[in-house]
Amino acid sequence: MDHFNYRDGILHVEDVPLSAIAEQHGTPCYVYSRATLERHWHAFDAALGDCPHLVCYAVKANSNIAILNLLARLGSGFDIVSVGELERVLAAGGDPSRVVFSGVGKREDELARALDTGIRCFNVEVAEELDRLDRLAGERGVKAPVSLRVNPDVDAGTHPYISTGLSENKFGIEVEEALVQYRRAARMPNLEVVGIDCHIGSQLTSSMPFIDALDRVLALVARLRGEGIAIRHLDLGGGLGIRYRDEDPPHPTEYAEQLFRRLGRHDFEILIEPGRAVAGNAGILLTRLEYLKANQTKHFAIVDAAMNDLLRPALYGAWQEIVPVAPRNDVESHSYDVVGPVCETGDFLGKSRELRLVPGDLLAVRSAGAYGFSMSSNYNSRPRPAEILVDGSAVYLIRERENVARLFAGERLLP
Ligand code: LLP
């Protein structure tokens, strides 16, 4: 459930009509609902109940510091993949001792900074990362907390670009190799093995692949324990899907029940790293129709947002619902390709959408709170959109619209 609903014929975000936001802040812009965001985070936290746990929101999904701050206030942990994300969490008032650091290519300066801030755990994905961490921790006289990200080789049944748990994917360490690397890590003087980690993909709509992955992780944990290598936490990654159209992903409670059923009696702390399921349906992209154009085969609705603002349709062929802010009945309906101004055939937000439109109308692209702004770019020298957060009837600008001067502010002419 989210807080984007029609009232008196106008789509509202919480208590605010989206038309008022367009009026005040212009378009395109991202609009988020605080109540929705918090509700989704609480759903995960509550699902894990009394079991010791930490919900580590995946910062990459939406990394605006106002969003991170709201989650930090709830006591959230964070899953980061770069020093940039770490600095965002710190700027947002996040607690470094609740941060886990994932990623296949962590640079030395990134590991050093994370060690200095005292993060909760390094999710190690490459054997040599252990050696780097051991050396850097030794130089600082600290112990680096590590878990290995295991690649369980299960098919997450999702889009190939966002599937990460197959042996052909670059992520994680194969089970047999992980055993070898755990033995090595356990012997390193400046490392402390604290957990095990896996993340098999994103936008999963069934619990089965999670359970299959958990089975393989638990089998490895048993072997490690047999060798005296204690694993205190299980980090099960993120990946729970959301409804964009007609998907029916398990609710966090259902997902957690299945995990607990498989785990039985246990003494692990459970970490999870949801991104999309927290932020996805808490945001929309608000855009205005510039022109209608038709040729012999197609009707096009040309809007002021484009693939640089929201890349998912162009990159993955992702389907996101597009709805009018103020539905009308006074014009004919057509099947429109909703496209942006960028010079690429792949620049579309939706195809074949049955809509009644007049230039100037506002449209909302739904489910855009995750992997929306965070994947935006300046392609075609387009300043990135503003971000707005609504809390009840209060409207906050949480990122100002970029201006053109900023686009080339760091560029230099030759002497
Ligand atoms: N943990 C790790 C290690 C990850 O790599 C990811 C996402 C997450 C957690 C969060 O997964 P989530 O709960 O959001 O599914 N840009 C793509 C999604 C890429 C996901 C990458 N990793 C999209 O727009 O669909």
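Per chain, the residues get numbers from 1 upward, laid out in the order the sequence is written. With pLDDT at 70 or above as the cut-off, local features in this predicted model cover only qualifying residues; side-chain atom pairs require 80 or more to be listed or tallied, and sums for whole chains, interfaces and linings still use all residues. Water and hydrogen atoms were dropped before computing side-chain values, which therefore reflect all heavy atoms in the structure.

An unreviewed UniProt entry lists the protein under the name Diaminopimelate decarboxylase, with Methylococcus capsulatus as the source organism. UniProt positions are given in the numbering used here, feature names are shortened, and annotations may be inferred rather than shown by experiment. Note on the protein: under the UniProt heading Cofactor (unreviewed entry), the record states "pyridoxal 5'-phosphate". Among the UniProt annotations of the protein, the heading Pathway (unreviewed entry) holds the following wording: "Amino-acid biosynthesis; L-lysine biosynthesis via DAP pathway; L-lysine from DL-2,6-diaminopimelate: step 1/1."

**Q** Residues and numbers for the UniProt feature "active site" (unreviewed entry) in the protein, please.
**A** Per the UniProt record, the feature "active site" (unreviewed entry) sits at Cys343. Turning to its location among the elements, Cys343 is positioned in the loop between strand E17 (333-339) and strand E18 (348-356). For every residue, the accessible area obtained with a 1.4 Å probe (protein chains only) is divided by the maximum for its type, and the residue is called buried under 20%, exposed over 50%, and partly exposed between those limits. Here Cys343 falls in the exposed class, since its relative accessible area comes to 66%. Residues in contact with Cys343, not counting those within four places in the same chain, are Tyr379 and Asn380. Numbering of helices and strands starts at the N terminus; helices are DSSP runs of H or I of at least 4 residues and strands are runs of E of at least 2. Note on contacts: a residue pair is in contact if any heavy atoms of the two residues lie within 4.5 Å.

**Q** Can you tell me about a negative patch on the surface, naming the residues and giving the values?
**A** A contiguous patch of negative charge on the surface is contributed by Asp153, Asp155, Glu168, Glu174 and Glu177. Summarising the element assignment, Asp155 is placed in the loop between strand E9 (144-151) and strand E10 (173-174). Given a relative accessible area of 53%, Asp155 falls into the exposed group. Residues enter patches when they are more than 30% accessible in relative terms and free of salt bridges; like-charged ones are connected within 9 Å and nonpolar ones (Val, Leu, Ile, Met, Phe, Trp, Tyr) within 5 Å. Exposure was quantified through the Shrake-Rupley algorithm and a 1.4 Å probe, taking into account, for residues, occlusion by the shown protein chains and nothing else. Note on definitions: salt bridges are taken to be side-chain nitrogens of Lys or Arg within 4 Å of carboxyl oxygens of Asp or Glu. The charge count treats Lys and Arg as positive and Asp and Glu as negative. His and the chain ends do not count. Every charge is mapped onto a representative atom, which is NZ of Lys, CZ of Arg, CG of Asp or CD of Glu.

**Q** Let's hear about the sheet that holds strand E3 (residues 16-17): which residues, and what values?
**A** The pairing criterion is simple: DSSP has to find at least two bridges between the two strands. Across the sheet, 3 strands lie side by side as E1-E2-E3; this open sheet has antiparallel pairing. Of all strands in the sheet, those with a lone pairing partner are strand E1 (4-7) and E3, marking the two edges. Note that E1 and strand E2 (residues 10-13) share 4 bridges and pair antiparallel. When the sheet's bridge partners are listed, Phe4 is paired in E2 with Val13.

**Q** Which residues make up unusual backbone geometry, and what are the values?
**A** Here the amide bond leading from Thr27 into Pro28 is cis, since omega sits at -10°, within 30 degrees of zero. Examined against the element boundaries, Pro28 turns out to sit in the loop between helix H1 (18-25) and strand E4 (29-33). Non-glycine residue Asp8 carries a positive phi angle of around 50°. Note on placement: Asp8 falls in the loop between E1 and E2. Located in the positive-phi region is Gln203, a residue other than glycine, with phi close to 55°. Note on Gln203: relative accessible area 12%, which makes it buried.

**Q** I'd like a rundown of the site of the ligand, residues and numbers included.
**A** Residues are classed as near a molecule or strand on a simple rule: at least one heavy atom within 4 Å of it. The full set close to the ligand counts 19 residues, and Ser202, Glu273, Arg312, Tyr316 and Tyr371 are the nearest of them. We call two N or O atoms a polar contact when they sit within 3.5 Å, provided that within protein one can donate a hydrogen and the other can accept it, with sequence-adjacent residues counted only if both atoms are side-chain atoms. Contact between the ligand and Lys60: an oxygen atom at 3.3 Å from a side-chain N or O atom of the residue. Between the ligand and Arg312, the relevant distance is 2.6 Å, taken from an oxygen atom to a side-chain nitrogen or oxygen of the residue. Burial of the ligand by the surrounding chains reaches 92%, relative to a free accessible area of 590 Å².

**Q** Run through the packing of helix H2 (residues 34-47) against helix H9 (residues 252-263), naming residues and quoting values.
**A** For the pair H2 and H9, the least separation of the axes is 8 Å and the interaxial angle reads 25°. Here H2 lies roughly parallel to H9, going by the angle between them. Note that H2 runs across H9; the crossing there is right-handed. Together, Ala43, Phe44 and Ala47 of H2 and Pro252, Thr253, Ala256 and Phe260 of H9 make up the contact between the two elements. Classes in brief: Ala, Val, Leu, Ile, Met, Phe, Trp, Tyr, Cys and Pro nonpolar; Asp, Glu, Lys and Arg charged; the others, Gly included, polar. Its residues placed into classes, the contact of H2 with H9 shows 6 nonpolar, 1 polar and no charged. Note on geometry: axes are C-alpha line fits, over the in-contact stretch for helices, and angles between N-to-C directions span 0 to 180 degrees. Orientation categories follow fixed angle ranges, with anything under 35 degrees roughly parallel, anything over 145 roughly antiparallel, 65 to 115 roughly perpendicular, and all other angles oblique. Should the near helix be turned counterclockwise from the far one by less than a right angle, the crossing is left-handed, whereas a clockwise turn marks it as right-handed.

**Q** Residue-level account of the pattern of salt bridges, with values.
**A** The final tally for this structure, using the stated rule, is 31 salt bridges. Where Lys106 meets Glu129, a salt bridge forms, and the shortest distance between an N and an O atom there is 2.7 Å. With Lys106 in the loop between strand E7 (99-101) and helix H5 (108-117) and Glu129 in helix H6 (residues 127-140), this residue pair connects regions lying 23 residues apart in the sequence. Lys106 gets classed as buried once you look at its relative accessible area, which sits at 5%. Among the ionic pairs, Arg107 bridges to Glu110, the shortest N-O distance being 3.8 Å. Take Arg107: its relative accessible area is 44%, and that puts it in the partly exposed class. By sharing partners, the salt bridges in this structure join Glu108, Asp116, Arg132, Arg135, Glu139 and Arg140 into a single network.

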